[in-house]
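Listed here are the chains, written in short residue letters.
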Amino acid sequence: MALIEMTVEGIGIDPSNNPLVLLRDAERKVFVPIWIGPAEAVSIQMELNAQSPQRPMTHDLMVNLLKQLNATLVRVTVNEFSESVYYASLHLQSERSGVTHEIDARPSDAIALALRTQAQILVSDEVAQKAGILVEESSPLALTSSNPEEVPLADDSGELDKLSRLLEGVDLGDDAR
């Protein structure tokens, strides 16, 4: 399975008030929107903003547990998209044995943990093809804008139209990356 390294572009809210995390590849050609829960959106956004809660949130607790158990989160993979549901895995390595264990996880939890541990976020090529939005290199994209009219449209690009429709009404906030 071929994997594409992704980064978090930002957290957004769609027109129906559902939070989503938007992943993008390094070349800014492939964007993968993943709808997530409100608690996970807050957790991811806090990490993106380098904010620390007074007490550990669930994902902070998980990172502390990994440290105490001498385990390292090596990477997370979003490896399947079926019936509008994303599936992800945590790849944890035991520092004692060196053995890597793959554990099923929700993508939102996996992404929140990856951000806290600086682990790679990888999306399978198959998921990117099914759920991703391909943007042509010649078309710059202004994702930091919450104004859909500022998102350029290509005359013949169905993918760019798809991304524009997705982002119409989606607010990635002022801190979009």
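Residues numbered from 1 in each chain as written. Predicted model: local features only at pLDDT ≥ 70, side-chain atom pairs only at ≥ 80, totals over all residues. Heavy atoms only, no water.

Caption draft 1: Looking closely at the pairing of strand β1 (residues 3-13). Note that β1 and strand β7 (residues 120-124) share 4 bridges and pair antiparallel. When the sheet's bridge partners are listed, L3 is paired in β7 with S124. Sheet topology note: the β1/strand β2 (residues 19-25) ladder contains 7 bridges and is antiparallel. Directly across from M6, in β2, lies its bridge partner D25. Linking two consecutive strands that pair antiparallel, namely β1 and β2, is a turn of 5 residues; a positive phi of about 65° is found at N17 within it. (Pairing = 2+ DSSP bridges. Helix = DSSP H or I, 4+ residues; strand = E, 2+ residues; numbered from the N terminus.)

Caption draft 2: Representation of the packing of helix α1 (residues 38-48) against helix α3 (residues 107-117) within the structure. At a closest axis distance of 9 Å, the pairing of α1 and α3 adopts a crossing angle of 20°. Taken together, the axis directions place α1 and α3 in an arrangement best described as roughly parallel. The element α1 and its partner α3 pack so that their crossing is left-handed. For the pair α1 and α3, the contacting residues are E40, S43, I44, E47 and L48 in the first and S108, D109, I111, A112, L115 and R116 in the second. Looking at the contact of α1 with α3 residue by residue, the class counts come to 5 nonpolar, 2 polar and 4 charged. (Axes fitted to C-alpha atoms, helices over the stretch in contact; angles between N-to-C directions. Parallel < 35°, antiparallel > 145°, perpendicular 65-115°, else oblique. Left-handed = near helix turned anticlockwise from the far one by under 90°. Contact = heavy atoms within 4.5 Å. Nonpolar A, V, L, I, M, F, W, Y, C, P; charged D, E, K, R; others polar.)

Caption draft 3: The arrangement of the pairing of strand β6 (residues 100-105) in detail. Judged from the 6 bridges that link them, strand β5 (residues 85-94) and β6 form a sheet pairing that is antiparallel. What sits directly across from Q93, in β6, is T100.

Caption draft 4: Quick look at the environment of L66. Within the element layout of this structure, L66 appears in helix α2 (residues 58-68). The sequence separation of L66 and S94 amounts to 28 residues, and the corresponding C-alpha distance is 9.3 Å. Those residues in contact with L66 that lie beyond four places of it in its chain are A71, L73 and L92.

Caption draft 5: How the structure looks around α1. For α1, the complete set of buried residues consists of E40, A41, S43, I44, M46 and L48. Residue A50 follows α1 closely and has a positive phi angle near 55°. (Buried < 20%, exposed > 50% of the residue type's maximum accessible area, 1.4 Å probe, protein only.)

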